[in-house]
Amino acid sequence: MKKQLVPESSFSRFDLLSEEIVFIILDFLNENPLDKKSFSRVSRSFYAIESRHRKFLKPLRSEHLTKILNRYRYVSTLDLSMCPRITDASLGVISGRCKEMLRSINLSRSKFFSHVGLSNLVMNCGNLVEIDLSNATELKDSAAAAIAGAKNLERLCLARCKSITDIGIGCIAVGCRKLRFLSLKWCLGVGDLGVGLIAVKCKEIRSLDLSYLPITSKCLSQILQLQHLEDLVLEGCFGIDDDSLAALKLGCKSLETLDMSSCQNVSHVGLSSLNSLAGCLQQLNLSYGSRVDRALADSLRNLSMLHSVKLDGCQVTCSGLKAIGNWCVSLKELSLSKCMGVTDEGLSSVVTKHKDMKKLDITCCRKITHLSLANITNSCTSLVSLKMESCTSVSAEAFVLIGQRCQFLEELDVTDNEIDDDGLISISMCAQLSSLKLGICLNITDEGLIHIGKCCLKLKEIDLYRSAGITDSSILAIACGCPGLEMINIAYCEFISDRSLKSLSKCSKLNTLESRGCPLITSSGLAAIAVGCKQLFKLDIKKCRNVDDAGMIPLAHFSQNLKQINLSYSSVTDVGLLSLASISCLQSITILHLEGLTPSGLVAALLACGGLIKVKLHASFKSLLPPLLFEHLDARGCTFQWRAKTFQAELDPKCWKLQLADAE
Amino acid sequence: MDPEERLCADTWTKSSSSSESLKTPPNNTSFNDFNTQQTFSFNNPFGAQISVTSNANNQKQMSDPQESNNTQDWDPRAMLNDLSFLEKKIHQLQDLVHVIVRRRAQSAGQADEILVQQQQLMTADLTSIIVQLISTAGSLLPSVKQTICPESSISQQFGVTNQTAGVSDNVVFQHNNSVNKLEDPSDMTGFFGAEQNCPIEDHEMKSDDDADEGENLPPGFKRDANLRMHMRGHGDEYKTPAALAKPHKESSSEPILIKRYSCPYIGCKRNKDHKKFQPLKTILCVKNHYKRTHCDKTYTCSRCNTKKFSVIADLKTHEKHCGRDKWLCSCGTTFSRKDKLFGHIALFQGHTPAIPVEESKGSAGPSNKVEQLEFKYKSDAPSGCSCRNVMDLEGSGEDPISYFSPLNFETSCIDGFQEFPRPPFEDSESSFSFLLSGSCDYPPKNGRYTGSNDME
C-alpha cells in the first residue's frame, strides 16, 4: 500500500450501509482489478469489508503471499499463474493461512516447488476441489502421490507433467475418488495401466483429456464403461487403431463430446464402432485424421444426436460431403478448415441439407467460389459464425450476400479475401456482429469501414492487419461507433496516425492494441491510449519508429494491467524500459533492435521488473550481460528467448502479399 | 520304522538317485516314471503299482514284448553309464532278495495282512528294478532302430505291473479318441488306466517336440522352436506365419495316446482323489509341481536373498530379472510386472502403487519380514511328512518338519503379512505417512522409478 489511509472523521455515512449491501456493491466491481483496490482505500471499514469479501485472489508476487493471505482470510480460489516462483515455503505459507477455506489453486505457471510442498498443501487444505499443475514437467510420481491425498479433489489438470508415470497416476486414481475432470494431456509417461486404473477407481469422471498419451484401445474399453463420462479427448493417440477400436464394445451412455483428432490410425472401420454411442454423442472431432470419403461419412450416419462435426485438415471427397449431406441429423456446427478437396458441389450438398447450421468454418477452402457462398447464405440463414479466411476463389460480389441473408452473424472472418467496400456495407447490416476480421483485405477502404463503425455497435474485436487502404477516418468511425471495442489490430496500416489512437482511447474496454509498423504513430498517441484504456494488457508497437521514452512513461504510470509488450525497432531507450519495469504485472517483453538500449540499462530494467516470465532479446546481448544475472532471473522463473535476425526493411503491402503467394 | 523297511527305503533312494545321475536321453522316460513311482510308493498303502486297465483287444499288444530303443546315436560313453547302472541295479536286486529270504524266515509270527502288504511292496520293488534292468539292457543294443510300433519300455513296464495287481494309479492314461470321457471330469477319476487302442507313444518326446526333430537342427538348437525364433533374424522370409508355424508332424497319422499324471500328495488339486482333479501332463510336470508345491524351497536368490525356489530353473528365471523390475504395492507385495501390480490394485480397495523413497536404504525391514514369514511357514507345516526320499534327493536340510507345508507358498506368505503391523488400508492418509516415513521397506531401487519420460 503506497498511500497512508486517509484519517477518518468520527462518523462516516458509509458506516450506515450494512455489510451485505457493500458485498453486493463489491460483486459488481469486476471489470478492472484495480477498482477493488480503490474501493478498499475509501475507509477503514471498507478496507475490512473488502478483505472479507474477496474469494478470488491472483497475486502478482509470491514474496507478499504471507501479507495478502493474512488480509484475505476467506480466499477460496488462488490463482498463482502470475507467480513463476512458488517454492515449498510459499506453499507452506498458503497451506498454513488458507487451511480448509481453499478450494481451488492454480499452479500451472509456477515452478520451484516439489512434492513436499504439495503434500503439505494437500494435508492442510482438506477441502481442495481443484488443482491445476499443468507444465510441472519436473514433478515426479512422488508429487502425484502427494496429490492423491486430496480426497475431495474433483478437477485436476496435469497437462505436460511428463515425468509422472503410471505409478503416480495409479496413486491419484486410488486417492482421489471424487475426480470429475482430469487432464493428462502430454503426460507421456502414462499408459494403458494408469488410465485403466483411473477408469476402474474414479467412477465420477465427467471429462477426461488423454491427448498424446501412448495408450491403446486396451484402456479405452475400461474408460467407456464410465457411467458419467461426457467429454473425452483422444487427440493424437497413435496407439488407437482400427482393429482394436472395431473390437471394442462401448458401453458408455453418457458421452457427449469425443475428440479423436490426429488419430491417424483410425479410419471408417474403427469409427463404425462409435455407432454404439449413437444415443448420446453430440460433438465429434475427427480433425487431421483419415480421408473423409463416403465410407467414413456412412459409418457415422447413425449418430442420431450429433450436431457438431470437425473435420479440419482432412482430405475430403465430394462423395463424402454428399454423404454428410444425407445424414438424417441436422448439424449445427461444421468445420472444414484447411480441408483439401472441398468443392462447390460437395459443400453445397452439405449446406443445402443442414439448414440449421450456426457455425461454419471453411478456412482455406481455396476451390470454392461464389456459388458455395450463395448456397451457404441461401440455406443457412441462421449462421452465427462464418470463418472463411483465404477462400481466394470467391469473388468480391459474393460477399454482398452475407450481409443480405445472414443477419444473425456474430463472428465473421474474411481475412485474405477479395471482399470490397460493397461487401462491407452489406455486412454492416449484421447488427449483432462482435468479431470482424478483415486482415489482408486489400480491396477495402474507409468507405466500407465507416459503415461498419456506424452500424455494428456491438463490435468487440476488429482485425485490420495489412488492410492497407484504410486511414484514420475508419478508425475514428469505429472508435466512436463501437464503445465496447476490446481488441483492435491495425498492424501495417501505414496511414494510421495519433488521431486514431486518441479516438481509440475512448474505448475504455480496449485490452489489446496491435499497431505494428505504423510509422505515423508517436508517443503522444500512445500516451492517450495509456490514459484512456486502463485495461490494456497487450500492446504491440513494433516498428513504430516514432514512439520513444515519452510514450513509455505514461504507459508505466497508467497501464497497470499491461502484461505483454513488444518494443522492437522502436525508439525506446534505457529510460523508457526502466520506467516500464514499474508495471508490476508485466510478464512478457520483446526488445529486438532497440538502438538506444545499452547492456547496463537492460540489466537494470530486467532486475527491476520482478514479474517477468519471458524476455525476447537479440542474441548479441547474450555475451554482454553478466552470467550471474541469468542465474538470478532463472531463479525468479524468467526465461530468455534469443533471436539473431538481422534488421529488416519494411515492404509495401502489395509487394508483401505477392511474396507470400510466392512462398506458397 | 522297521529297520528293514528303512533299508528298503534306502535302496529306493539310492536307485532313484542313481538313475537321476544317469542322464539318460530325454526320450527314455522309463526311469523318470519309475522314480516318481518310487517317490509315491511309501505312504500309499497299496504300493507303487501302476494299473493299466486295458481293453481286451489291446491286451495282446500290450504284453507284446517288443523291445523299444529310442537312442538315435550309439554312444559308447552312455553305454558305459548304462552298464554301471545295471551293475548297481543287480546289487540292489540281490539285497532285496536277501531281505525277502530273511523275512520269510521270520514271518511265522506275524499277522497275515501285514505280511501280504509287505510282500506286495517287495514284489512291486522287484518288478520295477527288473523293468529298469530290461529297459536299460535294451538300450544297450547299438544298432536297433526305432521300431515302427514305438511301444516304449513304459508300456512293458505297465504290462508287468498290471500283472502284479497294483492298485495305485499314479499314471493315468487316456486315449485321445475318447474325448467324450474327458469332458466329464468326475468320469476321469474313475478312469485311471488306459484305453489302449494304439501303441503308447513316449510322452516326453511329444510334449517337448524337440528330441525327435533334433537331427534336422544345426548344432546349438535343442528345440525346433528356438531355431525358428533364431531364424527370424535372418530375414523377412523367416518371419511369415508359415515359417514360424510348428512344422507338421508326419507321425500324426497314428492315433496318439494322451497320458495324464497325478500328484501323490493327497488333498492336492493335482491328486486324482481331489474333487476338481487337474491332471499333470508330463512326468516332468509332476516332478516340478511336487517340488514347487510340496517341498522346501532350498535355492535362495543370491541377489535379493529373499526369494526361494525349489526348482533350480525357477531360480535362474528369477535371477534374470531380480532387482530390476520391482513393482511395489502399498501393502508390501512386490510384482515383477507392472500390469500385475495394477491388476492387484484394481482388485483391492485402498491399495496404492508405492513410490520408493529415495533415502530408504533399509534392508533391515525386508529381512525381518522374511524371517517372520519363514517362521510362520515352518510352524504351520504338518508333522507328517511323507516324501522323505524326495527330500533326500534334493539334498535339503535336516529338519524334517520344515520339509512340507500343506499351504503353498502364497498362502503362507499372506499369513505372514497379516501379522506385520501396519495401519489399515482404508485410511490412506496414514498408510501414506507409512510410505513417506521410510518405515516401508523396499529394496534399494535402481532407476526404474526415477527415470523421467520413461515410456513403457
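Since this is a predicted model, take the numbers as computed values, not measurements. As a convention, each chain's residues are numbered from 1 in the sequence order in which they are written. Labels are handed out in written order, letters beginning with A for the chains and numbers beginning with 1 for the ligands. Only residues with pLDDT of at least 70 get local features here, since the model is predicted, and only at 80 or more are side-chain atom pairs given and counted; chain-wide, interface and lining totals rely on the full set of residues. Here the side-chain values reflect all heavy atoms present in the structure, with hydrogen atoms and water set aside.

**A look at the overall build of chain A**
- Secondary structure summary: chain A contains 27 helices and 24 strands in total.
- Relative accessibility under 20% of the residue-type maximum defines a buried residue, over 50% an exposed one, and the middle range a partly exposed one, all with a 1.4 Å probe and only protein chains included. Burial analysis of chain A (664 residues in total) assigns 54% to the buried set.
- Within chain A, residue pairs in contact and separated by at least 24 positions form 73% of the contacts whose partners lie at least 6 positions apart.
- Per-residue accessibility takes into account occlusion by the displayed protein chains alone, with areas from the Shrake-Rupley method and a 1.4 Å probe. Total accessible area computed for chain A in this model is approximately 26,800 Å², and 54% of it derives from carbon and sulfur atoms. Helix and strand definitions here come from DSSP, where helices need a minimum of 4 consecutive H or I residues and strands a minimum of 2 consecutive E residues; each element is numbered from the N-terminal end. Residue contacts follow a heavy-atom distance rule, with two residues in contact if any of their heavy atoms lie within 4.5 Å.

**Let's talk about the overall build of chain B**
- Secondary structure assignment for chain B yields 18 helices and six strands.
- A buried classification covers 43% of the 456 residues belonging to chain B.
- The long-range share in chain B, meaning contacts at least 24 apart out of those at least 6 apart in sequence, stands at 63%.
- Counting only carbon and sulfur atoms, one obtains 55% of the accessible surface of chain B, whose full area is about 24,500 Å².

**Some details on the confidence of the model for chain A**
- This prediction gives chain A a mean pLDDT of 90; 95% of its residues lie at or above 70.
- The pLDDT value expresses, per residue, how confident the predictor is, ranging between 0 and 100. Segment residues 1-6 of chain A is flagged for pLDDT under 50; beyond a separation of four residues in sequence, or across chains, it makes four contacts in the model.

**Topic: the interface of chain A and chain B**
- At the interface, 23 residues of chain A touch 24 residues of chain B.
- Accessible surface is computed with a 1.4 Å probe, and the buried area is the amount of it that two parts give up when combined, taken over both parts together. A buried area of about 2,000 Å², summed over both sides, lies between chain A and chain B, and 69% of it is on carbon and sulfur atoms.
- Taken as a group, A:Ile167, A:Val174 and A:Leu193 account for 26% of the area that chain A buries against chain B, more than any other trio of residues on that side.
- Think of a salt bridge as a Lys or Arg side-chain nitrogen and an Asp or Glu carboxyl oxygen that are within 4 Å of each other. Linking chain A with chain B are one salt bridge, by the criterion used here.
- Note that B:Lys338 is salt-bridged to A:Asp166, the shortest N-O span being 2.8 Å.
- Of all the elements in the fold, those that place two or more residues in the side of chain A that touches chain B are helix H7 (141-147), helix H8 (166-175) and helix H9 (192-201) of chain A.

**Regarding the side chain of A:Arg466**
Residues and elements named next belong to chain A.
- Mapped onto the elements, Arg466 comes out in the loop between strand E17 (461-463) and helix H20 (472-481).
- The class for Arg466 is buried, based on a relative accessible area of 6%.
- A distance of 3.2 Å separates a polar atom in the side chain of Arg466 from a polar atom in the side chain of Tyr465. Any N or O atom pair separated by 3.5 Å or less is treated as a polar contact, with the protein-specific requirement of one donor-capable and one acceptor-capable atom, and with residues adjacent in sequence counted only for side-chain atom pairs.

**Quick notes on unusual backbone geometry**
All names here are of chain A.
- Positive phi, normally seen in glycine, also occurs at Arg160, with a value near 65°.
- Relative to the elements of secondary structure, Arg160 occurs in the loop between strand E5 (155-157) and H8.
- Among the residues examined, Arg160 registers a relative accessible area of 34% and is labelled partly exposed.

**Observations regarding helix H15 (residues 344-353) of chain A**
Residue and element names in this part refer to chain A.
- Buried residues dominate H15, accounting for seven of its ten residues.
- Restricting attention to buried positions, one finds in H15 the residues Asp344, Gly346, Leu347, Ser348, Ser349, Val350 and Val351.
- Contacts from the buried residues of H15 go to helix H14 (318-325), strand E12 (333-335), strand E13 (359-361) and helix H16 (370-379).

**Let's talk about the nonpolar core**
- Only buried residues count toward a nonpolar core. Its members are Ala, Val, Leu, Ile, Met, Phe, Trp, Tyr and Cys residues joined through side-chain atoms within 4.5 Å. In terms of nonpolar packing, the biggest core is built from 207 residues, with A:Ile94, A:Ile105 and A:Ile223 touching the most fellow members.
- With six residues, H8(A) is the single largest residue contributor to this core.

**So, H16(A)**
- Among the residues making up H16(A), those that are buried are A:Ser372, A:Leu373, A:Ile376, A:Thr377 and A:Ser379.
- Packing partners of the buried residues in H16(A) comprise H15, E13, strand E14 (385-387) and helix H17 (398-405) of chain A.

**A few points about the pattern of salt bridges**
All names here are of chain A.
- Tallied over the full model, the rule gives 19 salt bridges over all chains.
- Across the pair Lys437 and Glu461 runs a salt bridge whose closest N-O atoms are separated by 3.7 Å. Taken together, the residues Lys437 in strand E16 (residues 435-437) and Glu461 in strand E17 connect sequence positions 24 residues apart.
- The partly exposed category is assigned to Lys437, whose relative accessible area is 26%.
- Judged by relative accessible area, which is 24%, Glu461 ranks as partly exposed.
- In this structure, a network of salt bridges that share partners links the residues Glu50, Arg54 and Arg71.

**Quick word on the environment of A:Ser40**
All names here are of chain A.
- As for its placement among the helices and strands, Ser40 is situated in helix H2 (residues 33-40).
- Relative accessible area serves as the criterion here: at 1%, Ser40 is assigned to the buried category.
- Between the alpha carbons of Ser40 and Glu50 there is a distance of 5.9 Å; along the sequence they are ten residues apart.
- Apart from residues lying up to four places away in sequence, Ser40 is in contact with Phe46, Tyr47, Glu50 and Arg71.

**Some remarks on the packing of helix H22 (residues 523-532) of chain A against helix H23 (residues 549-558) of chain A**
All names here are of chain A.
- Running from amino to carboxyl end, H22 crosses H23 at an angle of 5°, the nearest separation of the two axes being 8 Å. Taken as axis vectors, H22 and H23 run roughly parallel relative to one another. Here Ser523, Leu526, Ala527, Ala530 and Val531 of H22 come into contact with H23, specifically with Ala550, Gly551, Met552, Pro554, Leu555 and Phe558.
- Each residue is assigned to one class: nonpolar for Ala, Val, Leu, Ile, Met, Phe, Trp, Tyr, Cys and Pro, charged for Asp, Glu, Lys and Arg, and polar for all the others, Gly among them. Its residues assigned to classes, the contact of H22 with H23 shows nine nonpolar, two polar and no charged. Fitted lines through C-alpha atoms serve as axes, helices being fitted only where they are in contact, and the angles separating the N-to-C directions of these axes extend from 0 to 180 degrees. When an angle is under 35 degrees it counts as roughly parallel; over 145 it counts as roughly antiparallel; between 65 and 115 it counts as roughly perpendicular; any other value is oblique.

**Remarks on the packing of aromatic side chains**
All names here are of chain A.
- To pair, rings of Phe, Tyr and Trp, with the six-membered ring standing in for Trp, must have centres within 6.5 Å; the planes then decide the type, stacked if under 30 degrees apart, edge-to-face if over 60, and tilted in the middle. In this structure the tally under the stated criterion is six aromatic pairs over all chains.
- Their ring planes at 85° and their centres at 5.8 Å tell us that Tyr465 and Tyr492 sit as a pair that is edge-to-face. Of this pair, Tyr465 sits in the loop between E17 and H20 while Tyr492 sits in the loop between strand E18 (487-489) and helix H21 (498-504), placing them 27 residues apart in sequence.
- Overall, Tyr465 belongs to the partly exposed group, its relative accessible area being 25%.
- Take Tyr492: its relative accessible area is 8%, and that puts it in the buried class.
- Aromatic pair Phe640 and Trp642: ring centres 5.5 Å apart, planes at 10°, arrangement stacked.
- Three or more aromatic residues link up through ring pairs in this structure, and these residues are Phe630, Phe640 and Trp642.
- Charges are assigned to positions over rings by a cutoff of 6 Å between ring centre and Lys NZ or Arg CZ, combined with an angular limit of 35 degrees from the ring normal. A cation over an aromatic ring shows up here: Arg85 above the ring of Phe112, its NZ or CZ 4.9 Å from the ring centre.
- Geometry around Tyr492 places Arg466 over its ring, the cationic atom sitting 3.8 Å from the centre.

**Topic: a nonpolar patch on the surface**
Residue and element names in this part refer to chain A.
- Where nonpolar side chains cluster on the molecular surface, the patch consists of Phe14, Leu17, Ile21, Ile25 and Val42 and spans about 400 Å² of accessible area.
- Structurally, Val42 can be placed in the loop between H2 and helix H3 (44-53).
- With a relative accessible area of 41%, Val42 lands in the partly exposed category. Only residues whose relative accessible area exceeds 30% and that form no salt bridge enter a patch; like-charged residues are grouped when within 9 Å of one another, and nonpolar side chains (Val, Leu, Ile, Met, Phe, Trp, Tyr) when within 5 Å.

**Describing the side chain of B:Asn271**
Residues and elements named next belong to chain B.
- Within the secondary structure, Asn271 is located in the loop between strand E2 (257-261) and helix H12 (283-294).
- Separated by 3.4 Å, the side chain of Asn271 and the backbone oxygen of Tyr265 make a polar contact.
- Setting aside anything within four residues of it in sequence, one finds Asn271 in contact with Ser262, Cys263, Pro264, Tyr265, Ile266 and Phe277.

**Examining the confidence of the model for chain B**
Residue and element names in this part refer to chain B.
- Counting all residues, the mean pLDDT for chain B is 57, and 39% of those residues have values of 70 or more.
- For chain B, helix H15 (residues 364-380) is the element with the lowest average pLDDT, namely 35, and helix H14 (residues 338-347) is the one with the highest, namely 89.
- Taken together, the stretch residues 1-72 has pLDDT below 50 and engages in 161 contacts with residues farther than four places along the chain or on a different chain.
- Below a pLDDT of 50 lies the segment residues 359-456, which in the model reaches 139 contacts outside its immediate sequence neighbourhood of four places, other chains included.

**Some details on the packing of H2(A) against H3(A)**
Residues and elements named next belong to chain A.
- The geometry of H2 relative to H3 is characterised by a closest axis approach of 7 Å and an angle of 140° between their N-to-C directions. Considering the angle they form, H2 stands oblique to H3. Along its contact with H2, which presents Lys36, Phe39 and Ser40, the element H3 presents Phe46, Tyr47, Glu50 and His53.
- Looking at the contact of H2 with H3 residue by residue, the classes come out as three nonpolar, two polar and two charged.

**Concerning the pairing of strand E22 (residues 588-591) of chain A**
Residue and element names in this part refer to chain A.
- Because side chains alternate across E22, one face comprises the buried residues Ser588 and Thr590, and the other comprises Ile589 and Ile591, equally buried.
- Once you follow strand E21 (residues 564-566) into helix H24 (residues 574-580) and on to E22, the crossover reads as right-handed.
- Crossover handedness is defined by viewing with both strands directed away from the observer: a clockwise path from the first strand over the helix to the second marks the crossover as right-handed. Handedness of the crossover joining E22 and strand E23 (residues 614-618) through helix H25 (residues 599-608): right-handed.

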